[in-house]
Amino acid sequence: MFNILKKEELSDQITLFEIGARDIAKKAKPGNFFILRTHEQGERVPLTIADFDRDRGTITAVFQKVGRATHHLGTLNEGDFITDVVGPLGNHSHIANFGRVVCVGGGVGIAPVYPVAKALSEAGNNVTSIIGARSKSILFWEEKMRNVSDELIITTDDGSYGTKAVVTAPLEDILLNEKIDLVIAIGPAVMMKFVCKTTEKYGVKTIVSLNSIMIDGTGMCGGCRVEIGGEIKYTCVDGPEFNGHEVDFDLLMNRLQGYIDEERIAMKQVRVCGGKNYGIKDN
Ligand code: NAD
Ligand code: FES
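First things first, this report covers the structure right here in the doc.

1. Focus on the pattern of salt bridges
Part 1 of the argument: Evaluation of the coordinates by the stated rule reveals 15 salt bridges.
Part 2 of the argument: In this structure, E9 and K7 form a salt bridge, with 3.6 Å as the shortest nitrogen-oxygen distance.
Part 3 of the argument: Of the charged contacts in the structure, one is a salt bridge between R146 and E143, with a shortest N-O distance of 3.5 Å. Note that R146 and E143 are positioned in helix α4 (residues 142-147) at a spacing of three residues, about one turn of the helix.
Part 4 of the argument: Its relative accessible area of 36% is what places R146 among the partly exposed residues.

2. Focus: the sheet that holds strand β7 (residues 81-82)
Part 1 of the argument: A sheet is described by the order of its strands in space; here five strands give the open sequence β5-β6-β2-β1-β7, paired in antiparallel fashion. Two strands bound the open sheet, and with one partner strand each, they are β5 (51-53) and β7.
Part 2 of the argument: Pairing of strand β1 (residues 2-9) with strand β2 (residues 14-20), which is carried by five bridges, proceeds in the antiparallel orientation. Looking at β2, one finds that K7 is bridged to F17.
Part 3 of the argument: Contacts between helix α2 (residues 68-75) and the sheet are confined to β1, β2, β6 (58-64) and β7, with β6 contributing the most and set at about 125 degrees to the helix.

3. Notes on the environment of T199
Part 1 of the argument: Tracing the backbone through its elements, the reader meets T199 in helix α6 (residues 189-202).
Part 2 of the argument: The class of T199 is buried, set by a relative accessible area of 0%.
Part 3 of the argument: Other than its neighbours up to four places away in sequence, T199 contacts L171, L175, V183, V204, T206 and H245.

4. Here we look at the side chain of E142
Part 1 of the argument: Positionally, E142 belongs in helix α4.
Part 2 of the argument: Within the local environment of E142, its side chain forms a polar contact with the side chain of R146, the two groups lying 2.6 Å apart.
Part 3 of the argument: In contact with E142, not counting residues within four places along its chain, are I131, L152, I154 and Y161.

5. Focus: the packing of aromatic side chains
Part 1 of the argument: Going through the model one piece at a time under the given rule, you end up with three aromatic pairs.
Part 2 of the argument: A centroid spacing of 5.2 Å and a plane angle of 65 degrees characterise the contact between F17 and F63, whose relative ring orientation is edge-to-face. Of this pair, F17 sits in strand β2 while F63 sits in strand β6, and the two are 46 residues apart along the sequence. Note on accessibility: F17 and F63 belong to one class, buried.
Part 3 of the argument: Members of the aromatic cluster, joined through ring pairs, are Y114, F140 and W141.
Part 4 of the argument: Directly above the ring of W141 sits K144, whose terminal nitrogen or CZ lies 4.5 Å from the centroid.

6. Points about the sheet that holds strand β8 (residues 84-89)
Two orientations exist for strands paired in a sheet by backbone hydrogen bonds: parallel and antiparallel.
Part 1 of the argument: The antiparallel open sheet is built from three strands, whose spatial order is β4-β3-β8. Where the open sheet ends on each side, the last strands, each with one partner, are β4 (45-48) and β8. Pairs of neighbouring strands in the sheet enclose a mean axial angle of 20 degrees, with direction left out of account.
Part 2 of the argument: In this structure, strand β3 (residues 33-37) lies alongside β4, joined through four bridges in antiparallel fashion. By the bridge assignment for β4, L36 is matched with V45.

7. Side note on the environment of L76
Part 1 of the argument: In this fold, L76 is placed in the loop between α2 and β7.
Part 2 of the argument: L76 sits in the buried class, given a relative accessible area of 12%.
Part 3 of the argument: Considered as a pair, L76 and F17 are 59 residues apart in the sequence and their alpha carbons are 9.4 Å apart.
Part 4 of the argument: The contact partners of L76, leaving out residues within four places of it in the chain, are I4, K7, F17, T38, F81 and I82.

Basis of the calculations
Residues numbered from 1 in each chain as written. Chains lettered and ligands numbered in written order. Predicted model: local features only at pLDDT ≥ 70, side-chain atom pairs only at ≥ 80, totals over all residues. Heavy atoms only, no water. Salt bridge = Lys/Arg side-chain N within 4 Å of Asp/Glu carboxyl O. Helix = DSSP H or I, 4+ residues; strand = E, 2+ residues; numbered from the N terminus. Buried < 20%, exposed > 50% of the residue type's maximum accessible area, 1.4 Å probe, protein only. Pairing = 2+ DSSP bridges. Contact = heavy atoms within 4.5 Å. Axes fitted to C-alpha atoms, helices over the stretch in contact; angles between N-to-C directions. Polar contact = N/O pair within 3.5 Å; in protein donor to acceptor, adjacent residues only side chain to side chain. Phe/Tyr/Trp six-rings, centres within 6.5 Å; stacked < 30°, edge-to-face > 60°. Lys NZ or Arg CZ within 6 Å of the ring centre and 35° of its normal.

Listed below in structure tokens is the structure:
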């Protein structure tokens, strides 16, 4: 059983939990993910680690209430227990001194990009971060991102804060004017697709963290399969980070849309469906 030590509502849709999980915190690295279940019959919810504190023995989860499992997760409070948390899973981010790096976080993707930006900064890189949200009310972690970045650029789709733009607009400005060694992008699949289309024009290596459907998280079920450079890969064991220029984003988005349509139908039903046991890696 894993204790929720802190709960914070980052917006009306986005919740943060700090969870006591000493063994996971000990081994966690930026880029890893974990899978949790709120109860024995619960869906598995895969989440990329948003932060961890080895001394306190905690990991931080930031999730958006999009489906049944995450809505239920959001009803838990400080002091409640989560039945299972398994991790760290997946490959951690490759951290080195690359030089001049741009970290892009879109929406809930700001949470998992934070530990990567922090580690890259600690490794000596010059880090520019671009964080974007639809609106000011759902933008979070501005100060945290500022603290680990040499420069922070904020965009909102509606112009309620920062520059009125999507994240690819300031990214293109930077690429036009400077030599960038690496771009890391985490957010909705469509955002990562367009970040990659932008960086491809300038020949800048781009790493993305994929949010595919996951079931077991150990490479056994095939649920998280994606196509990378024409080859089938499994996000849970081969990723979650991949070279963005090789990702078949249209296939990923089609598979995600199928899941989202099913969840919408299920959310509309009055009865609670048991027996389903999968989720989208949310952040
Ligand atoms: P959102 O739709 O509000 O988009 C966030 C930002 O991404 C926008 O403000 C914009 O700046 C940028 N963006 C969106 N579409 C774009 C486009 N076509 N071109 C350029 N930039 C674009 O994001 P949200 O509602 O927070 O995201 C929800 C989705 O993100 C969920 O499906 C979730 O699974 C996924 N997600 C994925 C990861 C991951 O690990 N890859 C992490 C967190 C969330
Ligand atoms: Fe089952 Fe990856 S989640 S193979």
